[in-house]
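Chain and residue survey
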Amino acid sequence: MAATASINFSSMICYSILGPFFPSEAEKKGASNTIVGLIFGCFALVNFLSSLILGNYITHIGAKFMFLAGMFVSGCVTILFGMLDKVPSGPVFIGLCFLVRAMDAVGFAAAMTASFSIVAKAFPNNIATVLGSLEIFTGLGLVLGPPLGGFLYQSFGYEVPFIMVGCVVLVLVPVNMCVLSKYDSVPSKDSFWKLILLPKVLLLCLTIFSLSACLGFLDPTMSLFILKMFKLPAGYVGLVFLGLALSYSLSSPLLGLLSDKLPYLRKWLLVSGGLMTALCFFMLGPAPVLHIESQLWMFVLVLVLVGFSLGMSAIPVFPEILQCAYENGFEEGLSLLGLVSGLFNAMWSLGAFAGPTLGGFLNEKLGFEWASAIQGGWALLSGLATGIFYITEATKRSSSSSLQNPPGTNEERTHLMSSES
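The rules behind each value
Residues numbered from 1 in each chain as written. Predicted model: local features only at pLDDT ≥ 70, side-chain atom pairs only at ≥ 80, totals over all residues. Heavy atoms only, no water. Helix = DSSP H or I, 4+ residues; strand = E, 2+ residues; numbered from the N terminus. Buried < 20%, exposed > 50% of the residue type's maximum accessible area, 1.4 Å probe, protein only. Contact = heavy atoms within 4.5 Å. Areas by Shrake-Rupley, 256 points an atom, 1.4 Å probe, with all protein chains shown as cover. Patch = residues over 30% accessible without salt bridge, like charges linked within 9 Å, V, L, I, M, F, W, Y side chains within 5 Å. Salt bridge = Lys/Arg side-chain N within 4 Å of Asp/Glu carboxyl O. Core = buried A, V, L, I, M, F, W, Y, C linked by side-chain atoms within 4.5 Å. 1 Å grid on protein atoms, 1.4 Å probe; cavity = no way out; pocket = protein on both sides within 12 Å on 5 of 7 lines; lining within 4 Å. Points joined across faces, edges and corners; volume = space filled by probe spheres on them. Nonpolar A, V, L, I, M, F, W, Y, C, P; charged D, E, K, R; others polar.

1. A few points about the overall build of the protein
- Scanning the protein from terminus to terminus reveals 18 helices and zero strands.
- Out of the 421 residues belonging to the protein, those deemed buried represent 57%.
- Of the contacts formed within the protein by residues at least 6 apart in sequence, a portion of 87% connects residues at least 24 apart.
- Carbon and sulfur atoms provide 71% of the accessible area of the protein, an area that totals close to 17700 Å².

2. Comments concerning a nonpolar patch on the surface
- On the surface, a nonpolar cluster with roughly 560 Å² of combined accessible area is contributed by Phe282, Val289, Leu290, Ile292, Leu366, Trp370 and Ile374.
- Relative to the helices and strands, Trp370 is located in helix 17 (residues 368–404).
- With a relative accessible area of 35%, Trp370 lands in the partly exposed category.

3. Observations concerning the nonpolar core
- One finds Phe22, Phe81, Leu84, Phe93 and Tyr158 to be the most contacted residues of the largest nonpolar core, which totals 39 residues.
- Of all the elements, helix 6 (residues 91–122) adds the most residues to this core, at nine residues.
- Leu84 has contacts with Lys29, Phe93, Leu96, Cys97, Val100 and Tyr158, leaving out every residue within four places of it along the chain.

4. What to know about the environment of Phe40
- By the secondary structure assignment, Phe40 is in helix 3 (residues 33–56).
- Ignoring sequence-local partners within four residues, the contact set of Phe40 consists of Leu18, Phe22, Pro23, Arg101, Asp219, Pro220, Ala352 and Pro356.

5. Structural notes on the layout of surface pockets
- Taken as a whole, the second largest pocket spans an internal volume of roughly 190 Å³.
- Lining the second largest pocket are Thr221, Leu224, Phe225, Lys228, Met229, Asn363, Gly367, Phe368 and Glu369.
- Broken down by element, the residue count for the lining of the second largest pocket peaks at five residues, all from helix 10 (residues 199–230).
- When grouped by side-chain class, the residues that make up the lining of the second largest pocket number four nonpolar, three polar and two charged.

In structure tokens:
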């Protein structure tokens, strides 16, 4: 668990450290808002493809080796990203940003896919609780990343944040080499296509995608909006990110515990979390139709609610997909865990590609207020679709059970048995 906590923490710092200053730095180098969104989204697109491939071959590569190799690549590439300010402005800078982010995505996909599989293998009966507890470290990385990045950038310049974080990740590689156990498994005949074509899994994939798209939308847009609307310096912009990250990390362990102890609550957490996320994004700007002036305290409050609502939907998804796979005849073992973790990371990455890409475009054309309201439509769609599915499923089960056990059957049997005796 210590090893997986370290990758959650370090990877989130690497991911979130760019938020407060990279969009404005990239603009100085000739990148438009749309291009900045594509640079953020490129990471997610490559992560999507890598997660699908690596999740399918985790039993051949080995979970431990995949985990360590992913951390090593991620650390090296983070340091390389810090050297990009020396590159000439224009197409050369933009091209190298895409290349380095793509390499980082492969390392991140390897580490996270292996991490999810190792956790589920080590704690099969408490998956949501453990994942929720690990989200503390995810949130801690998200919490420390933006303010740390903003402070180091303001104090020492562009290179130092990346070099410092990259070196920390590289130091953790030999530590995890000693701590992490080796997990062996026999390859399974089950495939991604068999898993993803299950109707319930498809809807859960939509949930993962929508949450990630909403969260990813904030990366290239929120810091620019805060700088423009509230006139805060870069160092303070990172502190605004604390609202979302803290609420997510602090609520995740409780939501994970509820998911494991009361499994029937998972469906309602998924539905209510999606609807609440949609409402929060409508209020984030706020949407111009509301005619409410944006204020810093209200912006931070909405971010706190966004963090909580994302946790409500994100934490129960992994155990729900696993349960659905078991119900449909999938074999238990590391092979299935690799498929599920790869699928989870792939869908999250696909959303993280669509969110910044579409968000950057909408922000450029319509402004942050309308862009955030439109982005909340993903969460609204997934919340409504999941709710309809669960209600339909419950209705079918109720009808099926009433047909199998018609009213009065048990009473009639009892009466006949007493008559015979």
